[in-house]
2 protein chains.
Amino acid sequence: MSLLAITTAAIRPLDRTAMAAARARQDQLTKPQGSLGRLEALSIQIAGITGTPRPCLRAPAVVVMAADHGIARQKVSAYPAEVTSQMVLNFLAGGAAINVLARHVGARVVTVDMGVAVDMPPHPGLRIHKLAPGTADFTHEPAMSRTTAQLALETGIAVASDLIDVGVDVIATGDMGIGNTSASSAIVAAITGRTVAEVTGRGTGVDDAGLERKIALIAQALARHRPDSTDGLDVLAKVGGFEIGGLAGVMLGAAARRVPVVVDGFISGAAALIACTLAPSLQPYLIAAHRSVERGHQAVFAHLDLEPLFDLGMRLGEGTGAVLGISLCQAACKILDEMMTFAEAGVATGS
Amino acid sequence: MSLLAITTAAIRPLDRTAMAAARARQDQLTKPQGSLGRLEALSIQIAGITGTPRPCLRAPAVVVMAADHGIARQKVSAYPAEVTSQMVLNFLAGGAAINVLARHVGARVVTVDMGVAVDMPPHPGLRIHKLAPGTADFTHEPAMSRTTAQLALETGIAVASDLIDVGVDVIATGDMGIGNTSASSAIVAAITGRTVAEVTGRGTGVDDAGLERKIALIAQALARHRPDSTDGLDVLAKVGGFEIGGLAGVMLGAAARRVPVVVDGFISGAAALIACTLAPSLQPYLIAAHRSVERGHQAVFAHLDLEPLFDLGMRLGEGTGAVLGISLCQAACKILDEMMTFAEAGVATGS
């Protein structure tokens with residue numbers, strides 16, 4: 001059996017016993033029942049994921065996977081392709097938004113070169129798993145082979161597993177790759193059945209003409225490759241990206257080890273769609289952090305039956321929304337674990 | 001001149017120069033312009049509040065003001081009135097939701113007895129400014145005198161000022177007081193002109209019959225007292241609460257010292273309405289943390305032209321939403337201060 005097959009088979013349903021215990025405790029804490037809303041539900045979900053009635057998330061990490069995209073040559077982005085590698089260097093220097101927000105919430109940043117076009121210098125903060133110097137341009141040919149798509153997923157599984165081995169107990173996903181909203185829109189259209197126009201936005205900020213071109217190119221590519229909407233590997237191979245496959249693997253690898261996954265924005269959402277076609281049992285392990293401005297994101301939530309925690313009008317990627325989501329997950333768990341019960345605090349209960 | 005008059009006169013417009021500098025810097029940071037959405041706008045607002053182009057919020061505090069309400073004798077809450085004092089003890093013991101969430105974001109909790117019905121034991125974490133052992137039942141008589149209403153506001157101003165003197169640089173507001181959603185609904189109806197039914201919810205969780213009674217009692221009280229919607233002191237005196245007046249004072253006191261105020265839920269919102277009638281210049285100093293489940297909250301936002309940062313279905317009070325909002329304010333400021341610019345990071349800019 002492949003690592004991918006072993007991993008998807010290892011994803012179990014949430015632990016109902018732990019969830020019931022968490023629910024019972026929430027209802028004894030010194031607050032009106034349900035008055036902490038999503039934080040209560042989140043703590044119960046995390047109890048189910050981790051299989052512990054009072055989970056603590058002490059060692060968060062955000063995995064930022066970077067890769068280049070052949071389709072970037074078609075000018076679908078407001079930024080030149082070299083920005084992918086330049087931003088990886090920025091991540092390693094600690095100067096990007098994800099570094100700032102990860103420091104704020106106490107999460108480590110793990111940057112992974114899944115297929116950046118240029119060679120990246122060795123750096124202790126960088127894992128190099130370059131599958132190729134960027135995908136092929138999927139407007140002309142499949143983005144990658146099916147074998148490479150599986151390798152992308154298995155690389156993500158291995159990255160998650162390594163982090164969990166050293167104690168990481170919650171993983172956020174992040175992405176960097178000029179052109180990757182195009183790949184993500186193609187994936188979302190392919191898997192959800194929405195039209196390309198419905199799920200394609202401005203990415204880094206293309207103008208009206210650019211958006212029209214982007215939609216036309218993606219629609220042509222889908223018409224040419226006809227990816228199988230039920231087969232995540234096929235979709236990934238035909239119109240995906242290395243970082244997107246890697247993030248799908250991270251999600252599967254984390255869930256197989258009962259570690260919660262905080263999903264960032266649109267690109268991470270596309271990865272989640274791919275991962276869930278391979279293992280529908282993944283869904284309850286996913287915590288959608290935020291609603292992105294990128295218009296296709298809503299189709300992801302609808303298809304996966306996820307509801308994001310917040311909407312701050314963000315559309316940056318990198319895991320910036322996801323790390324803020326980690327902080328809310330930690331807050332939810334601390335509420336469950338640290339608050340006193342009515343009995344402990346000597347507070348009268350409600351009528 | 002009274003402390004109240006001096007304070008309201010001291011609230012200046014936001015610093016446009018600092019805001020322009022913050023905006024200019026945001027646009028040079030290594031991200032597509034505007035891609036961090038509300039976080040960018042928030043950083044610019046805080047620059048304007050503090051008068052510094054790269055503000056840092058290092059010492060947050062949440063002021064939790066507690067008081068009892070005469071109207072609680074009318075059984076408008078699902079909890080008995082003694083819960084107010086019991087919860088104050090819980091705050092001091094560190095076992096309440098606000099303690100957990102304040103620890104999570106690194107904020108100190110300052111608990112203030114503004115008028116709890118029973119005497120509270122001395123405690124280093126408790127400030128005692130008891131105006132009376134609870135308000136009068138405003139269904140029969142004004143909740144307090146106009147003089148006491150002013151004293152509540154001035155006490156809040158002094159509390160904020162003391163905290164700022166010792167270095168606190170962002171203040172969140174929180175409340176505890178069985179019966180205080182009734183007072184808040186009365187305030188919101190009086191000031192916004194909405195009907196009582198529109199702005200009255202279940203508070204801690206009264207049933208349908210309880211909600212109907214609550215609405216009828218508040219409507220009768222407003223008909224009897226006819227508070228002047230343009231005079232916050234009159235509204236506070238007739239249908240308010242000591243903690244609500246205190247929180248309004250905290251907001252004014254913070255704004256007068258150019259310190260951002262993170263406003264919690266419905267009760268804090270009612271306090272903000274009172275404060276803004278006294279000083280309309282307060283509005284830009286307010287940061288609405290979250291949208292509460294309590295139905296009248298929306299009327300507060302509409303009247304004050306505020307948009308909450310998030311909606312997690314919370315309705316607990318205590319400042320629980322506001323401290324999570326503090327963390328977002330800090331994140332916003334760190335983005336502005338710590339991210340590298342395109343030039344610094346050697347990243348190509350967009351087209």
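Fair warning: this is a prediction, and the values are worked out from it, not measured in the lab.

How each quantity is defined
- Residues numbered from 1 in each chain as written.
- Chains lettered and ligands numbered in written order.
- Predicted model: local features only at pLDDT ≥ 70, side-chain atom pairs only at ≥ 80, totals over all residues.
- Heavy atoms only, no water.
- Contact = heavy atoms within 4.5 Å.
- Buried area = accessible area lost by both parts, 1.4 Å probe.
- Salt bridge = Lys/Arg side-chain N within 4 Å of Asp/Glu carboxyl O.
- Polar contact = N/O pair within 3.5 Å; in protein donor to acceptor, adjacent residues only side chain to side chain.
- Helix = DSSP H or I, 4+ residues; strand = E, 2+ residues; numbered from the N terminus.
- Nonpolar A, V, L, I, M, F, W, Y, C, P; charged D, E, K, R; others polar.
- Pairing = 2+ DSSP bridges.
- Axes fitted to C-alpha atoms, helices over the stretch in contact; angles between N-to-C directions.
- Domains from an automatic or database assignment.
- Buried < 20%, exposed > 50% of the residue type's maximum accessible area, 1.4 Å probe, protein only.
- Parallel < 35°, antiparallel > 145°, perpendicular 65-115°, else oblique.
- Left-handed = near helix turned anticlockwise from the far one by under 90°.
- Least-squares fit on C-alpha atoms with pLDDT ≥ 70 in both.

**A few points about the interface of chain B and chain A**
Here comes step 1: Listed per partner, the contact involves 55 residues of chain B and 55 residues of chain A.
Here comes step 2: For chain B, the biggest contributors to the area lost against chain A are B:Tyr79, B:His104 and B:Leu312; these three give 15% of the whole.
Here comes step 3: Counting across the chain B and chain A interface gives 2 salt bridges.
Here comes step 4: The salt bridge involving A:Arg103 is made with B:Glu338; its shortest N-O contact spans 2.9 Å.
Here comes step 5: Taken together, the links from chain B to chain A amount to 18 residue pairs in polar contact (both at pLDDT 80 or more).
Here comes step 6: Contributions of two or more residues to the side of chain B that touches chain A are made by α3 (37-50), α4 (83-93), α5 (97-105), α13 (320-338) and α14 (342-345) of chain B.
Here comes step 7: Grouping the constituent residues of the side of chain B that touches chain A by class yields 28 nonpolar, 18 polar and 9 charged.

**Considering the sheet that holds strand β3 (residues 126-128) of chain A**
Residue and element names in this part refer to chain A.
Here comes step 1: With parallel pairing, the 6 strands of this open sheet are ordered in space as β3-β2-β1-β4-β5-β6. Edge positions in the open sheet fall to β3 and β6 (286-288), since each of these has one partner strand only. For this sheet the average axis-to-axis angle between neighbouring strands, irrespective of direction, equals 25 degrees.
Here comes step 2: In this sheet, strand β2 (residues 108-115) lies alongside strand β1 (residues 60-67) in parallel orientation, the contact comprising 7 bridges. Looking at the pairing, Val 62 lines up with Val 109 of β2.

**Concerning the domain arrangement of chain A**
Residues and elements named next belong to chain A.
Here comes step 1: Taken domain by domain, chain A comprises domain 1 (3-55 + 335-345) and domain 2 (60-329).
Here comes step 2: Centre-to-centre, using C-alpha coordinates, domain 1 lies 28 Å away from domain 2.
Here comes step 3: Interface of domain 1 and domain 2: buried area, both sides summed, is about 1,800 Å²; carbon and sulfur atoms make up 68% of it.
Here comes step 4: Area buried by domain 1 at its contact with domain 2 is led by Leu 4, Ile 11 and Ile 49, which between them contribute 36% of it.

**Focus: the pattern of salt bridges**
Residue and element names in this part refer to chain A.
Here comes step 1: All told, the structure shown has 28 salt bridges over all chains when counted by the stated rule.
Here comes step 2: Residues Arg 127 and Asp 162 are paired through a salt bridge, measuring 3.0 Å at the closest nitrogen-oxygen approach. A residue pair is termed long-range when its members are at least 10 positions apart, and Arg 127 in strand β3 and Asp 162 in helix α6 (residues 146-165) qualify at 35 residues.
Here comes step 3: By relative accessible area, Arg 127 is classed as partly exposed at 23%.
Here comes step 4: Owing to a relative accessible area of 34%, Asp 162 belongs among the partly exposed residues under this scheme.
Here comes step 5: Asp 231 is the partner of Arg 146 in a salt bridge, and the nearest nitrogen-oxygen pair spans 2.9 Å. With Arg 146 in helix α6 and Asp 231 in the loop between α8 (208-225) and α9 (232-239), this pair connects stretches of sequence that are 85 residues apart.

**Some details on the environment of B:Ser229**
All names here are of chain B.
Here comes step 1: Secondary-structure assignment places Ser 229 in the loop between α8 (208-225) and α9 (232-239).
Here comes step 2: On the accessibility criterion, Ser 229 (33% relative accessible area) is partly exposed.
Here comes step 3: Residues Ser 229 and Ser 281, 52 residues apart in the sequence, show an inter-C-alpha distance of 17 Å.
Here comes step 4: When near neighbours in sequence (up to four residues on either side) are disregarded, Ser 229 contacts Ala 190, Ile 191, Val 235 and Thr 277.

**Details of the pairing of β1(A)**
All names here are of chain A.
Here comes step 1: Of all 8 residues that make up β1, 8 are buried, and the element is covered over most of its length.
Here comes step 2: Burial along β1 is two-sided: the face carrying Pro 60, Val 62, Val 64 and Ala 66 and the face carrying Ala 61, Val 63, Met 65 and Ala 67 are both buried.
Here comes step 3: In this sheet, strand β4 (residues 170-176) lies alongside β1 in parallel orientation, the contact comprising 7 bridges. Bridge assignment links Met 65 to a residue of β4, and that residue is Asp 175.

**A word on unusual backbone geometry**
Residues and elements named next belong to chain A.
Here comes step 1: For Glu 318, which is not glycine, the phi torsion reads 70 degrees and is therefore positive.
Here comes step 2: Of note, Glu 318 is situated in the loop between α12 (297-304) and α13 (320-338).
Here comes step 3: A residue is classified by how much of its surface remains accessible, and Glu 318, at 2% relative accessible area, is buried.

**Structural notes on the packing of helix α2 (residues 16-26) of chain A against helix α3 (residues 38-50) of chain A**
Residue and element names in this part refer to chain A.
Here comes step 1: As a packed pair, α2 and α3 sit with axes 7 Å apart at the nearest point and diverge in direction by 150 degrees. In terms of orientation, α2 lies roughly antiparallel with respect to α3. Crossing handedness for the pair α2 and α3: right-handed. Residue-level contacts link Ala 18, Met 19, Ala 22, Arg 23 and Gln 26 of α2 to Leu 39, Glu 40, Ser 43, Ile 44, Gln 45, Ala 47 and Gly 48 of α3.
Here comes step 2: For the contact of α2 with α3, a count of residues per class yields 6 nonpolar, 4 polar and 2 charged.

**Observations concerning the sheet that holds strand β2 (residues 108-115) of chain B**
Residue and element names in this part refer to chain B.
Here comes step 1: The sheet built from 6 strands is open, its strands ordered β3-β2-β1-β4-β5-β6 with parallel pairing. Two strands close off the open sheet at either side, each with one partner strand: β3 (126-128) and β6 (286-288). Strand-to-strand twist in this sheet, taken as the mean axis angle between neighbours without regard to direction, amounts to 25 degrees.
Here comes step 2: On the sheet, helix α10 (residues 242-256) packs against β1 (60-67), β2, β4 (170-176), β5 (261-263) and β6 and is oriented at approximately 155 degrees with respect to β1.

**A short note on the relation of the copies chain B and chain A**
Here comes step 1: Superposing chain B onto chain A takes a rotation of 180 degrees plus a shift of 0.0 Å along the axis, which leaves an RMSD of 0.0 Å. Considering both components of the superposition, the chain copies are consistent with a two-fold axis. Using C-alpha coordinates, one finds that chain B approaches the rotation axis most closely at B:Phe310, a distance of 2.8 Å.
Here comes step 2: When the interface residues of chain B are mapped onto chain A, 100% of them are again interface residues, pointing to one common binding face.

**Looking at the packing of helix α7 (residues 180-192) of chain A against α8(A)**
All names here are of chain A.
Here comes step 1: Packing of α7 against α8 brings their axes to within 10 Å, and their N-to-C directions diverge by 50 degrees. With respect to each other, α7 and α8 are oriented oblique. Crossing of α7 against α8: the hand is right-handed. Side by side, α7 and α8 meet where Thr 181, Ser 182, Ser 185, Ala 186, Ala 189 and Ala 190 of the first sit next to Lys 214, Ile 218 and Leu 222 of the second.
Here comes step 2: The residue inventory of the contact of α7 with α8, partitioned by class, reads 5 nonpolar, 3 polar and 1 charged.

**Structural notes on the side chain of B:Asp234**
Here comes step 1: Its place among the elements puts B:Asp234 in helix α9.
Here comes step 2: Leave out the neighbours within four places in its chain, and B:Asp234 touches B:Arg146, B:Arg226, B:Pro227 and B:Asp228.

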